[in-house]
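Structural characterization, general
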Amino acid sequence: MTTTATGTAARWTNWGRCASADPVAVAHPRSTAEVADVVRSAAANGQRVKAVGAGHSFTPIAVTDGVMIRMDHIGGIQHVDRETGHVTVGAGMRLRDLNPALHQIGLALPNMGDVDPQSMSGATSTGTHGTGARLTGIAGAIVGLEIVTGDGTVLTVTPDDTELFGAARVGLGALGIVTSLTFACVPSFLLHAREEPMLLPDVIGQLDALVDENDHFEFYWFPHTDRALVKRNNRVPDGTARKPLSRARFLLDDEVLSNGLFEVVNRIAKHQRGWVPRLNAISGRALSPREYTDWSYDVFVSPRRVRFREMEYAVPRAALPDVLREIDAWVNASDETVSFPIEVRFAAPDDIWLSTGYDRENAYVAVHQYHQMDYRRYFEGVEAIFGEHEGRPHWGKLHTLDADTLRTRYPRFDDFRAVRDRLDPQRTFGNAYLERVLA
């Protein structure tokens, strides 16, 4: 294990360039035992400890002025149970490394989001999800985990401990340092992807059928227009041939248009805000349909090279049409210009206490703003709309809610806080973000 003294070189900044930290030391443990040693030493010195993975959360959830633990050396697949499909991985393993490693042994995660740089503990601790009305977020696949608590004790958490299991799968980094996770995986599967433009009123008019009749459904709406890009991803029968996108089509659509040209559009939008509605209309009309069949993780994941800030809320699925109408009205009545599409996804209920999906079928609405543009007024306006519909914020994305409000959105909120009191009574894992959201 190594540590690095604080200083200019030790400053940490997240991917969105909206959170940073100057820890007194940075630790790079290679085992659970070394993590426990770091925690015990820091606690004895009155220092706080936070683990950090890819830094892909937009909130300051990983920020610390104490000891920062980099989990990069605690990764890899640690155990595979062929009979159950249960796979144990080091908490610092990245999604982008796990997916091909699972595929090599004929397995896959049942669902995932649309980017893959996150560490497994970071993705699950913040409630990262994908889309699919019959599928939960990534944490819903957890069947066990190992966690180091505030006094350096190592706990193995299983479904038999219903209280700790309910709290720890989406733990916000508040209960301890997760060092390994066990997932219930499924056999590798192909997805048939069908992507095409549609008018937003047509999407809303067919919403229930689109969501319920597809394994994974999502759409992107271009503000200032009535245009949307619809994505349907469905499992295919055994024996179906893989027909991936051609290299040329992938480079044109995903690299040149969705990243290179989109970066240019946002740089223009930064200086010529009045052009944005027209640029969005052009983008919406320029979309062309495409279909392909590929391995699940290659369909789920898209490259995202244009840097941005993001807010995402889960709202009851039935409220989605009203939420979108109210966002459209707010954008049209304000002088804000929004160059990023609004992303809409869906997920099944789960039983994880601080999951946005706890005991509720949700639609997820994500809003973005280019990283060189001020997002605050836009996000504040949209957040007020989410609040009128019992919105629950994604824990890794920007929001302004505090414990008093969050208590009204999560039925097991105080139960979670009681578990925190038991596992970390001295708040070794605390920081300003957790003080705000948990009190």
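Summarised in this report is the structure supplied together with it. (Residues numbered from 1 in each chain as written. Predicted model: local features only at pLDDT ≥ 70, side-chain atom pairs only at ≥ 80, totals over all residues. Heavy atoms only, no water.)

**Examining the overall build of the protein**
On a plain count of helices and strands, the protein comes out with 14 helices and 21 strands. Here the C-alpha atoms of the protein give a radius of gyration of 21 Å, agreeing with the 22 Å that 2.2 N^0.38 yields for 439 residues. Over its C-alpha atoms, taken along the principal directions, the protein stretches across nearly 60 × 50 × 40 Å. Of all 439 residues assigned to the protein, the portion counted as buried reaches 57%. When the accessible surface of the protein is totalled, it reaches about 17800 Å², and 49% of it is carbon and sulfur. Of the charged side chains in the protein, 47 are positive and 56 negative, and the gap between their average positions amounts to 5 Å. (Helix = DSSP H or I, 4+ residues; strand = E, 2+ residues; numbered from the N terminus. Rg over C-alpha atoms; globule rule 2.2 N^0.38 Å. Buried < 20%, exposed > 50% of the residue type's maximum accessible area, 1.4 Å probe, protein only. Areas by Shrake-Rupley, 256 points an atom, 1.4 Å probe, with all protein chains shown as cover. Lys, Arg positive; Asp, Glu negative; His and termini not counted. Charge placed at Lys NZ, Arg CZ, Asp CG, Glu CD.)

**Describing the pattern of salt bridges**
Applying the stated rule across the entire model yields 29 salt bridges. A salt bridge links Arg-377 to Glu-336; the nearest nitrogen and oxygen atoms lie 3.2 Å apart. Taken as a pair, Arg-377 in helix H11 (residues 376-387) and Glu-336 in the loop between helix H10 (320-333) and strand S19 (342-347) lie far apart in primary sequence, 41 residues in all. For Arg-377, a relative accessible area of 41% translates into the label partly exposed. If you follow the salt bridges from partner to partner, you end up with Glu-310, Glu-312, Glu-343, Arg-345 and Lys-397 in one network. (Salt bridge = Lys/Arg side-chain N within 4 Å of Asp/Glu carboxyl O.)

**As for the sheet that holds strand S7 (residues 77-81)**
In spatial order, the strands read S7-S8-S12-S10-S11; together these 5 strands make up an open sheet with antiparallel pairing. Looking at strand neighbours, the two that pair on one side only are S7 and strand S11 (154-157), the edges of this open sheet. Adjacent strand axes in the sheet meet at a mean angle of 10° when their direction is disregarded. In this sheet, strand S12 (residues 177-184) lies alongside strand S10 (residues 142-148) in antiparallel orientation, the contact comprising 6 bridges. By the bridge assignment for S12, Glu-146 is matched with Ser-180. Strands in contact with helix H1 (residues 32-44) are S10, S11 and S12; relative to S10, the strand with the most contacts, it is inclined by about 45°. (Pairing = 2+ DSSP bridges. Axes fitted to C-alpha atoms, helices over the stretch in contact; angles between N-to-C directions. Contact = heavy atoms within 4.5 Å.)

**Here we look at the sheet that holds strand S14 (residues 190-199)**
If you walk across this open sheet you meet the 8 strands as S17-S14-S16-S15-S19-S20-S18-S21, and the pairing is antiparallel. Each edge of the open sheet carries a strand with a single partner, namely strand S17 (290-295) and strand S21 (392-393). Pairing geometry for strand S18 (residues 308-316) and strand S20 (residues 362-370), over 9 bridges, is antiparallel. What sits directly across from Pro-316, in S20, is Asn-362.

**Description of the environment of Arg-360**
Mapped onto the elements of the fold, Arg-360 is located in the loop between S19 and S20. C-alpha of Arg-360 to C-alpha of Glu-34: the two residues are 326 residues apart in sequence and 39 Å apart in space. Excluding anything up to four places from it in sequence, Arg-360 contacts Ala-314, Val-315, Pro-316, Ala-348, Pro-349, Glu-390 and Arg-392.

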